[in-house]
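The lines below spell out each chain.
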Amino acid sequence: MSDRSTTDTAAPTAKTVARTVTAAVPPPAVLDSASELAEFADQIADQIESFLVVVRAVARGDAPDSAVPMLLLEVSQLLLAGGRLGAVQDVVPEERFEEDPGPDPDLDELREKLAELLEPCDSYHELFDPLATQPELEVRRISDDIATAVSDLAHGLTHHRAGRTLEALWWWQFSYLTDWGPAASAAVRALQSIVARSRLRE
């Protein structure tokens, strides 16, 4: 089990920026009842299931010629689910400690197959935390970003399948803000750039 009290890792500068930005942002939507939470969780789970199915099919090489546009479409749709998670109030489970969902899946093979499909466009440059006082340019890989998203989403999906609705929503929401959201956002910009460069040269 993991202690939720250790998850608040935002840097002071980020908190200062967040306070400034949120002054002009409307408050998040409130899900009042258990039925609303359950329906919302089911909708998010459906979007995640679709993403995982397509990504695994792409990694298997089912359609290598359309791998990049398919990934662009799926990651873009996934970010819609992330936006919905970011637009609702913070989900707070009743227990302080996260129920252990079991071991996370081994994604090394998926990551390696995606890297092979995306070569030589897998690596790209990204501006890390553009709201930081001194943003840093970093080298990323699309295959790593997608594998990160798959890992985080599958973790929450295990909670959802076990009937732990609040656990699933808490995990998806928290990891969207801290992990898979930034990874997917960076990946979709890189994928869009690949598609644009290819199409505009035709």
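Before reading on, note that the structure itself is shown above.
Here we summarise the structure given alongside this text. What you are looking at is a predicted structure, and each value in this text was computed from that prediction instead of being measured.

**A closer look at the overall build of the chain**
In terms of helices and strands, the chain carries seven helices and four strands. Counting only residues that meet the buried cut, the chain has 37% of its 202 residues in that class. Counting contacts in the chain only where the partners sit at least 6 residues apart, residues at least 24 apart contribute 76% of the total. When the accessible surface of the chain is summed, it comes to about 11800 Å², and 54% of that surface belongs to carbon and sulfur atoms.

**Here we look at the pattern of salt bridges**
Taken as a whole and assessed by the stated rule, the structure comprises ten salt bridges. In this structure, Asp-62 engages Arg-60 in a salt bridge whose closest nitrogen and oxygen atoms are separated by 2.9 Å. Arg-60 carries the same exposure label as Asp-62, and that label is exposed. The network of salt bridges with common partners includes Asp-108, Arg-111, Asp-122, Arg-141 and Asp-144.

**Overview of the packing of aromatic side chains**
Under the criterion given, the structure shown has three aromatic pairs. A centroid spacing of 6.0 Å and a plane angle of 50° characterise the contact between Trp-170 and Trp-171, whose relative ring orientation is tilted. Both rings, one in Trp-170 and one in Phe-174, keep their centres 5.6 Å apart while their planes meet at 0°; by these two values the pair is stacked. Of this pair, Trp-170 and Phe-174 are both found in helix H6 (residues 165–178), four residues apart, which corresponds to roughly one turn of the helix. Residue class for Trp-170 comes out buried when judged on its relative accessible area of 10%.

**Quick look at the environment of Phe-40**
Mapped onto the elements of the fold, Phe-40 is located in helix H2 (residues 34–60). Residue classification places Phe-40 among the buried positions, given a relative accessible area of 7%. In the structure, Phe-40 is positioned 125 residues away from Thr-165 in sequence and 9.5 Å away in space, judged by C-alpha atoms.

Cut-offs applied
- Residues numbered from 1 in each chain as written.
- Predicted model: local features only at pLDDT ≥ 70, side-chain atom pairs only at ≥ 80, totals over all residues.
- Heavy atoms only, no water.
- Helix = DSSP H or I, 4+ residues; strand = E, 2+ residues; numbered from the N terminus.
- Buried < 20%, exposed > 50% of the residue type's maximum accessible area, 1.4 Å probe, protein only.
- Contact = heavy atoms within 4.5 Å.
- Areas by Shrake-Rupley, 256 points an atom, 1.4 Å probe, with all protein chains shown as cover.
- Salt bridge = Lys/Arg side-chain N within 4 Å of Asp/Glu carboxyl O.
- Phe/Tyr/Trp six-rings, centres within 6.5 Å; stacked < 30°, edge-to-face > 60°.

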